[in-house]
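A closer look at the structure
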Amino acid sequence: MTERNRCANCNSPRAANPCPRCGTPTELAHHSWEEPQLPPIDLIRKLAFEVGYAIGEHGSKERDLDVIAAPWVDTAVTSPQLLTHLANGLDARIVEVEDKPLGRTAATLLMRGWYRPLDISVCPMIESPTPTAQKE
Ligand SMILES: [Zn+2]
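Parameters at a glance
Residues numbered from 1 in each chain as written. Predicted model: local features only at pLDDT ≥ 70, side-chain atom pairs only at ≥ 80, totals over all residues. Pairing = 2+ DSSP bridges. Helix = DSSP H or I, 4+ residues; strand = E, 2+ residues; numbered from the N terminus. Axes fitted to C-alpha atoms, helices over the stretch in contact; angles between N-to-C directions. Parallel < 35°, antiparallel > 145°, perpendicular 65-115°, else oblique. Left-handed = near helix turned anticlockwise from the far one by under 90°. Contact = placed C-beta atoms within 7 Å. Nonpolar A, V, L, I, M, F, W, Y, C, P; charged D, E, K, R; others polar. Buried ≥ 20, exposed ≤ 12 C-beta atoms within 10 Å, placed from the backbone. Domains from an automatic or database assignment. Expected span 1.5 Å × (residues − 1). Arc of directions from axis to C-beta.

Bringing the sheet that holds strand 4 (residues 53–58) into the picture now. The strand order across the open sheet formed by 5 strands is 4-5-8-7-6, and the pairing between neighbours is mixed. Edge positions in the sheet fall to strand 4 and strand 6 (92–99), since each has one partner strand and no second. Taken pair by pair, the neighbouring strands of this sheet meet at an average axis angle of 25°, ignoring direction. The pairing of strand 6 with strand 7 (residues 105–111) spans 7 bridges and is antiparallel. Within the sheet, the bridge partner assigned to R93 lies in strand 7 and is L110.

Further remarks concern the packing of helix 1 (residues 41–50) against helix 2 (residues 79–90). Close contact between helix 1 and helix 2 brings their axes to 9 Å; oriented N to C, the two are set at 135°. For the element pair helix 1 / helix 2, the angle class is oblique. Both helix 1 and helix 2 take part in a crossing whose hand is right-handed. For the pair helix 1 and helix 2, contact is made by L43, I44, L47, A48 and E50 and by L82, H85, L86, G89 and L90, respectively. Per-class residue counts for the contact of helix 1 with helix 2 are 7 nonpolar, 2 polar and 1 charged.

The subject of this paragraph is the pairing of strand 5 (residues 65–71). Burial along strand 5 is one-sided: the face carrying L65, V67, A69 and P71 is buried and the face carrying D66, I68 and A70 is not. Here strand 4 pairs with strand 5 via 6 bridges, running antiparallel. Its bridge partner being in strand 5, I55 is matched across the sheet by A69. Where strand 4 folds back onto strand 5 in an antiparallel hairpin, the turn is made up of 6 residues, including G59, whose phi is positive at roughly 90°.

Before going further, it helps to spend a moment on the domain arrangement of the protein chain. Taken domain by domain, the protein chain holds domain 1 (1–34) and domain 2 (41–122). In this structure, domain 1 and domain 2 have C-alpha centres spaced 28 Å apart.

With that out of the way, let us pick up the pairing of strand 7. Remark: 5 residues form the turn of the hairpin made by strand 6 and strand 7, two consecutive strands paired antiparallel; L102 in that turn has positive phi of roughly 65°. Of the pairings in the sheet, the one linking strand 7 to strand 8 (residues 118–122) comprises 5 bridges and is antiparallel in character. Residue pairing across strands places T108 opposite D119, the latter belonging to strand 8.

A few words on helix 2. Think of an α-helix as turning once every 3.6 residues; residues three or four places apart then point the same way. The first and last C-alpha atoms of helix 2 sit 16 Å apart over 12 residues, in line with the 16 Å expected at 1.5 Å per residue. Looking only at helix 2, the buried set comprises S79, L82, L83 and L86. All buried residues of helix 2 project into a common sector of 95° when viewed along the axis, lining one side. Exposed side chains of helix 2 directed beyond 90 degrees from the buried face belong to Q81 and N88. Against helix 1, strand 4, strand 5, strand 6, strand 7 and strand 8 lie the buried residues of helix 2. D91, located one to two residues past helix 2, shows a positive phi value of around 55°.

Now the structure itself:
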């Protein structure tokens, strides 16, 4: 068993056969196959910070990079503006945008080049309580 084995179902390299995650028999990758890189998290954090968001990573980082974007300051831009800023800064296309429970927006971005997808879940903005309301 070498690292050239892959699970086609998980789209990930596997050291064991069958795939420990899903049970599908692994396949030997073509000798020229290179696993795509994950999108650069440091650049994603920097770009999000520029428009008022903080980024948290979650998920296995196998098939794709899953991140959560939370509005962090009062001047945070809207969710569509964040996604456009990220797409421009990463040289990526926004291939899917979906409404999720509790007002979240989920999107998939594909960078130009050989990268795994970036799945981003953007938390909604809520109004801060006014100073008078906090006194109660
Ligand atoms: Zn699998």
